[in-house]
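# A look at the structure
In case you want the letters, here they are:
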Amino acid sequence: MKHQRLLVLAALLLALPGRAGAQESARDIIDRVDRILRGESSHGIATMEVVTENWERNVTMEIWSLGTDYSLIRVRAPKKEEGTATLKAEDDIWNYLPRVDRTIKIPASMMMGSWMGSHFTNDDLVKESRLIDDYDIEISFEGPRDGPEVWEFLLTPKAEAAVVWGRIEYQVRKDDLMPTWARYYDEDGNLKRTLDFGDYRSMGGRLVPAVMDMRPEDKPSERTTVRYSELEFNIDIDQSFFSLRNLRSGVR
Amino acid sequence: MAPGPWWRIGWRNLGRNRRRTLITAAGLAFGYLAVVLLVGWMEGLTAEMIESGTSTLSGQLQVHDLDYRPERKIYDTIGGRDGADVDRLLGEVAADPAIEAAAARVFGGGLVSSGEATTAGVLVGIDPARERRVSNLLRALTAGQPPEPGTNEILIGSEMARQLDVDIGDEIILVVPAADGSMGNDLYTVSGIFRSGLAELDASYAMMPIESLQTLVVLDPNRIHEIAASTVDPWLAPEAADRIRARLEPLGLGIEVEPWTRLRPEMLDYAQLAQAWNWVIIVIVFGIAIFGVLNTMLMATYERRREFAVMLALGTSPLAVARTVLAEALSLGVLSLVAGAIITFPVMIWFHNSPPDLSFLYGDYTFFGALIRPRLRVEYSLEMWLLTGIALLLTAIIASLYPAIRSARVPPADTLSGL
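All names here are of chain A. Its location among the elements puts R145 in the loop between β7 (135–144) and β8 (149–157). A C-alpha to C-alpha distance of 9.4 Å links R145 and R173, two positions 28 residues apart in sequence. Those residues in contact with R145, other than ones at most four positions away along the chain, are V150, E152 and Q171. Of the polar contacts made by the side chain of R145, one reaches the side chain of E152; its length is 2.7 Å.

With that settled, consider the domain arrangement of chain B. All names here are of chain B. As far as domains go, chain B holds domain 1 (4–53 + 267–416) and domain 2 (59–263). Relative to domain 2, the C-alpha centre of domain 1 lies at a distance of 50 Å. On the side of domain 2, eight residues touch domain 1, which itself brings ten residues to the contact. Buried area between domain 1 and domain 2, both sides added, is near 720 Å², and the carbon and sulfur share of it is 75%. If you sort the residues of domain 1 by the area they bury against domain 2, I50, L268 and L371 come out on top, with a joint share of 58%. Linking domain 1 with domain 2 are zero salt bridges. Taken together, domain 1 and domain 2 are joined by zero residue pairs in polar contact (both at pLDDT 80 or more). At the level of elements, α2 (18–55), α10 (265–303) and β12 (370–372) are the ones that each hand at least two residues to the side of domain 1 that touches domain 2. Take the side of domain 1 that touches domain 2: its biggest share by element is three residues, from α10. Along the lines of polarity and charge, the residues of the side of domain 1 that touches domain 2 split into six nonpolar, two polar and two charged.

All names here are of chain B. It is at 9 Å that the axes of helix α11 (residues 305–313) and helix α12 (residues 318–353) come closest, and there the two elements cross at 145°. In the packing of α11 onto α12, the handedness of the crossing is right-handed. Judged by residue contacts, F308, M311 and L312 of α11 engage P318, V321, T324 and V325 from α12. Its residues assigned to classes, the contact of α11 with α12 shows six nonpolar, one polar and no charged.

Attention now goes to the interface of chain A and chain B. Facing the 17 residues of chain A at the interface are 20 residues of chain B. Here chain A and chain B share an interface that buries about 1700 Å² over both sides, 57% of which is from carbon and sulfur atoms. Area buried by chain A at its contact with chain B is led by N54(A), W55(A) and I104(A), which between them contribute 28% of it. On the surface where chain A and chain B come into contact, there are three salt bridges. With a shortest N-O distance of 3.0 Å, E171(B) and R102(A) are connected by a salt bridge.

Time to look at the pairing of strand β12 (residues 206–216) of chain A. Residues and elements named next belong to chain A. Pairing geometry for strand β11 (residues 191–203) and β12, over ten bridges, is antiparallel. Directly across from F197, in β12, lies its bridge partner M212. Between the antiparallel neighbours β11 and β12 lie two residues, among them G204 with a positive phi of about 60°. Where β12 meets strand β13 (residues 223–233), four bridges bridge the pair, whose relative direction is antiparallel. Along β13, the bridge assignment pairs V211 with R227. The hairpin turn running from β12 into β13, its antiparallel successor, is six residues long.

Analysis parameters
Residues numbered from 1 in each chain as written. Chains lettered and ligands numbered in written order. Predicted model: local features only at pLDDT ≥ 70, side-chain atom pairs only at ≥ 80, totals over all residues. Heavy atoms only, no water. Helix = DSSP H or I, 4+ residues; strand = E, 2+ residues; numbered from the N terminus. Contact = heavy atoms within 4.5 Å. Polar contact = N/O pair within 3.5 Å; in protein donor to acceptor, adjacent residues only side chain to side chain. Domains from an automatic or database assignment. Buried area = accessible area lost by both parts, 1.4 Å probe. Salt bridge = Lys/Arg side-chain N within 4 Å of Asp/Glu carboxyl O. Nonpolar A, V, L, I, M, F, W, Y, C, P; charged D, E, K, R; others polar. Axes fitted to C-alpha atoms, helices over the stretch in contact; angles between N-to-C directions. Left-handed = near helix turned anticlockwise from the far one by under 90°. Pairing = 2+ DSSP bridges.

Here it is in structure tokens:
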């Protein structure tokens, strides 16, 4: 009996640092993936195709980002919405409406609202960059999945984090650190939406997924597809670029 | 009852101790007053709730596309994607005899912003001229006026105005997801501010000309979400809805016509509960009265034991003796009823026409999402007046059954010999 206890204790002692190490490395991998996709700063042009039961539309936009805290998105087409812009600075989102020449700040109550009519929410813009802060991350699977070696991560929200998902599953290819999909579940464990990555190609000197495809689970016929046509990294840009004044002035 | 001297005997007996008769009759009369007034007040409260709950915004009857409720999606307009002949629909709805007026509405939901402040709002596109006859909101303006058709004017709630820190003439921005997927946005001028007293309405509703909202959310002019109608009497709404449904059926638009009783079933439940309470009030008030009358009648008959003994000794049947007592009680009941009516109706007419204002005691309050004014409003109900009168007479009779039986059983010989 005593012997057994000792063995258990020894096993625990051995296991603990090992588990902590796994947690660390899961975070590290996600962090590394994030850095590849984001760079220090970036600038690109993307087309967003939104398909719903009631309408379809294409929006072309120009996107700047700096670190995880700042991004500016300006609509280039269609004509009707040209110049409409979104500024994300830390936790806040402002929209600029050229038609009325005003900026409005999205209130907290509307964070779950759709961004530009797409299947992305305002909250996605704010929170997407903070997965590492808001979630505990562990590797739920490691090995070959339909061919290539992958990691699958299970992200569960930290107790104090104000997040909307019950958990997120995230698959990353091992060899090139490219994400393949992310699945978002509600607090009851139901799959709510799936984000698929694809069309991996070299842009701005690094391999990135040029296409992101978001599909809501409850409406299988709907989707939002974002396709990057141009992307460059580590451009000459600083925090002053992401100002309300700049949002309003309409940089071309 | 067979004609005979029993009625006269009963009636005259009332005059033997006038003070006692008067006090007993007063008790019953006040019982009548209490029941009629309480019931009238409860019906007044119910009527106030239904009127306030339905006429503030919703109307007593609504027409929608079958798919519209409960999600209220912007695409589910009446007649689906192709829309409908709105004027014709309005004409058909208004043609029903129970309908007072009908108005078309468009709804949208989005951001309302001014300066630094932004809030979520429910936008209602209305035809101000028609809307005025359907709902009360346009009459509840604290400042300014309703939006003028053909302009970008907007009427907002007082709480929204406070949150956005805007006043009449100020500009606000609306950003609304449109039916084509774009973000409709435009500048509007605040033309008026309303205060309904209902927190939700005052904080998040804004009304604008219907065609202005249709443009903002990219809906054709023949696409509307709702036709709301007011009825001459809220209780006529369910039948009116059936008739209108039948009338609109041939158009094949796939629409629903719902009266407030189905849109707001909880209000109907409450109204029915209140009616059930009427009976409880009758039973309690007259239940108490029964014992008062019983006491009086027992006294009155006990005093007359010798009299009954003589009657019985002279050959009057016990049944006839009981009859005189019952006749006395019924006479008392009729007397009380007349007295009750005389004191009740002036009070009812007064409370009905100018309800006492209790706002010094307590302020407005909301009840099932309806704003209730602190007034002692009473409603007339002929049915309840008759029922209460019958209950009063029954009370008198039931209370005198026991004294009547006792009187009929007075042993003549023993009583007359002074035992």
